[in-house]
Amino acid sequence: MKKGKYVGISKVGEKGQIVIPKEAREMFDIKPGDSLIILCDINQGMAIVKSDIIESIGDEIFKAKQQEKEEE
């Protein structure tokens, strides 16, 4: 597999829980207690994203909006 890529398999337990493989946790620096966002689309599938990534995107959006207001 190319550097920066990983494919793994996780089984869903009886409580609906999955274990994120060690290689994937290390790749994305996922630690116990981190929050993850689950994005779902019936046609495209599921994606798991660390919440801090979404928070930083939100920060950039709000900064851009603030700059627009200041330029008016």
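Above this text sits the structure in question.
Residues numbered from 1 in each chain as written. Predicted model: local features only at pLDDT ≥ 70, side-chain atom pairs only at ≥ 80, totals over all residues. Heavy atoms only, no water.

Draft legend 1. Seen up close, the overall build of the chain. Of regular secondary structure, the chain possesses two helices and two strands. Listed N to C, the secondary structure of the chain is α-β-β-α in terms of helices and strands. Taken against the 2.2 N^0.38 rule, which gives 11 Å for 72 residues, the C-alpha radius of gyration of the chain at 17 Å runs more than 25% over that of a compact globule. For the chain, the C-alpha atoms occupy an extent of roughly 55 × 30 × 25 Å along the three principal directions. For the chain, contacts bridging at least 24 residues in sequence account for 2% of all contacts bridging at least 6. Surface summary for the chain: the accessible area is close to 6,900 Å², and the carbon and sulfur share equals 55%. Each charge sign in the chain was given a centre, from 12 positive and 14 negative side chains, and these centres are 10 Å apart. (Helix = DSSP H or I, 4+ residues; strand = E, 2+ residues; numbered from the N terminus. Rg over C-alpha atoms; globule rule 2.2 N^0.38 Å. Contact = heavy atoms within 4.5 Å. Areas by Shrake-Rupley, 256 points an atom, 1.4 Å probe, with all protein chains shown as cover. Lys, Arg positive; Asp, Glu negative; His and termini not counted. Charge placed at Lys NZ, Arg CZ, Asp CG, Glu CD.)

Draft legend 2. Main features of the environment of Lys 5. Relative to the elements of secondary structure, Lys 5 occurs in the segment before helix H1 (22-27). Judged by its relative accessible area of 53%, Lys 5 is exposed. Residues Lys 5 and Gly 45, 40 residues apart in the sequence, show an inter-C-alpha distance of 18 Å. (Buried < 20%, exposed > 50% of the residue type's maximum accessible area, 1.4 Å probe, protein only.)

Draft legend 3. View of the pairing of strand E1 (residues 36-41). Examined bridge by bridge, E1 and strand E2 (residues 45-50) share six bridges and lie antiparallel to one another. Among the inter-strand pairings, Cys 40 is bridged to a residue of E2, identified as Met 46. The turn joining E1 and E2, which pair antiparallel and follow one another in sequence, is formed by three residues. (Pairing = 2+ DSSP bridges.)

Draft legend 4. Here's a closer look at the side chain of Ser 51. The topology assignment puts Ser 51 in helix H2 (residues 51-71). Residues in contact with Ser 51, not counting those within four places in the same chain, are Ser 35, Leu 36 and Ile 37.

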